[in-house]
Each structure stands twice: as structure tokens, then as C-alpha cells.
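Examining the three-dimensional arrangement
Chain residues, written in single-letter form:
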Amino acid sequence: MSGETLITIVGHLVDDPELRWTSGGVAVAKFRVASTPRSFNKQTNAWEDGESLFLACSVWRQAAEHVAESLQKGMRVIVQGRLKQRSYEDREGVKRTVFELDVEEVGPSLRNATARVTKVAGGRDAVQEARQRQSAQSVADPWVSSTPGTQQAGGGYASDEPPF
């Protein structure tokens, strides 16, 4: 889309990716990346860390499942996506602004690691199966709300917006 801010960030996962499902059966994984710049100090003849940037990331659909299965806390990753800004008011009434990354691509950095890549078959079929699973859960639970944006029984959400 025109006018979007696309960025690529390299850093380490702060925590394990958290996988959730919307009520429509869409997978979404949340994770945070810490990117810390390093510079060489000629006076001390040593590398020094700068101030870390912590960025919340959300990845959707089949990629969300792959992230949750493949990546874990501490891994060095390369993440590319659209930078989004969101403003809200906290419990004390203070206005806050956060920046989040809507992830398009993510993978392990191979600078200090190796990875074995396995192509997953299924594509859209896997997404349809997930939706059918979610629909079956909704039918079994009479307390599931159909109000958009509200949390569903079993941890799902009624919209495709991230629940975090």
C-alpha cells in the first residue's frame, strides 16, 4: 500500500512467540524483538552496546503458526513489516503512543546459527481446517459472543484485529 512505512529490524526475541486464534479461525502470533546497536570505542578498544529498541510484532495466519513452532526466546531474527502507530489512554488517564510492527516476513538470522528449512504443504487448506476447528468449538460453547472485538470462549477473538 502506498504511504506505509516498511522497515527491517534485526534483533533477539525477548520472549517466546505467543500464538492465539481469532473466532474466525485466523492464527496470530505476538512476539517482541530487542535490537541493540553496537559501536567500537577506539579509546577503550572494545565494543559497546547502545540503548536497545524493543518492538512489539504481530504475524498472521499460517506464518503465525510457523513462527510459534520455529522461533523461541533469545534467537536472533530478521523481521520485515509495516510500522504502525497506535495511541490509547491508560488506566490513569495518561495518553500513550506505541509503535508496533505488522510482520510480512520473519526468519532466523544465520550470522551465528544454522537452520534447517522445511517447506510446509497445505497453504490455504491449513487455514480452512483451522477455521473449521474454530467453528466446531463455537458450536460446542453456547457462551461464545458474536460481538466484534470481544474475547471469545477458548481464547479466540471476534475480529481479525490483534487481541494484544
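Up top you'll find the structure we're talking about.
Report on the accompanying structure. Since the model is a prediction, treat every value here as computed from it, not as a measurement.

We now examine the overall build of the protein. When you go through the protein residue by residue, the secondary structure sums to two helices and eight strands. Ordered by position from the N terminus, the helices and strands of the protein form the series β-β-β-β-β-β-α-β-β-α. Every one of the 164 residues in the protein was classed for burial, and the buried ones make up 26%. Across the protein, every contact between residues at least 6 apart in sequence was considered, and the portion connecting residues at least 24 apart equals 61%.

The subject of this paragraph is the packing of aromatic side chains. The tally for this structure, following the rule as stated, stands at one aromatic pair. Centroid distance F40 to W47: 5.4 Å. Interplanar angle 70°. Geometry classified as edge-to-face.

On to the pairing of strand β8 (residues 95-108). As paired elements, strand β6 (residues 53-60) and β8 share three bridges and run parallel to each other. Across the sheet, residue A56 finds its bridge partner in β8, namely E100. Pairing of strand β7 (residues 76-89) with β8 involves 13 bridges; the strand directions are antiparallel. Considered in β8, the bridge of V79 is made with V106. Two successive antiparallel strands, β7 and β8, enclose a turn made up of five residues, where G93 displays a positive phi of approximately 85°.

Moving on, we get to the pattern of salt bridges. Applying the stated criterion across every chain yields a total of nine salt bridges. Two residues, R82 and E4, come together in a salt bridge whose shortest N-O distance is 3.5 Å. Placement of the pair is R82 in strand β7 and E4 in the segment before β1 (5-13), with a sequence separation of 78 residues. Given a relative accessible area of 16%, R82 falls into the buried group. Look at E4 and you get partly exposed, because its relative accessible area is 28%. A single network of salt bridges, built from pairs that share partners, joins E4, R82, K84, D102 and E104.

Let us look at the side chain of D90. Residue position: D90 is located in the loop between β7 and β8. Relative accessible area serves as the criterion here: at 15%, D90 is assigned to the buried category. A polar side-chain atom of D90 sits 2.8 Å from the main-chain amide nitrogen of V94.

Phi is positive for N45, which is not a glycine, with a value near 55°. Within the fold, N45 resides in the loop between β4 (38-41) and β5 (46-49). Among the residues examined, N45 registers a relative accessible area of 59% and is labelled exposed. Positive phi values are uncommon outside glycine, yet R61 reaches one of about 60°. In this fold, R61 is placed in helix α1 (residues 61-70). Among the residues examined, R61 registers a relative accessible area of 40% and is labelled partly exposed.

Criteria and thresholds
- Residues numbered from 1 in each chain as written.
- Predicted model: local features only at pLDDT ≥ 70, side-chain atom pairs only at ≥ 80, totals over all residues.
- Heavy atoms only, no water.
- Helix = DSSP H or I, 4+ residues; strand = E, 2+ residues; numbered from the N terminus.
- Buried < 20%, exposed > 50% of the residue type's maximum accessible area, 1.4 Å probe, protein only.
- Contact = heavy atoms within 4.5 Å.
- Phe/Tyr/Trp six-rings, centres within 6.5 Å; stacked < 30°, edge-to-face > 60°.
- Pairing = 2+ DSSP bridges.
- Salt bridge = Lys/Arg side-chain N within 4 Å of Asp/Glu carboxyl O.
- Polar contact = N/O pair within 3.5 Å; in protein donor to acceptor, adjacent residues only side chain to side chain.

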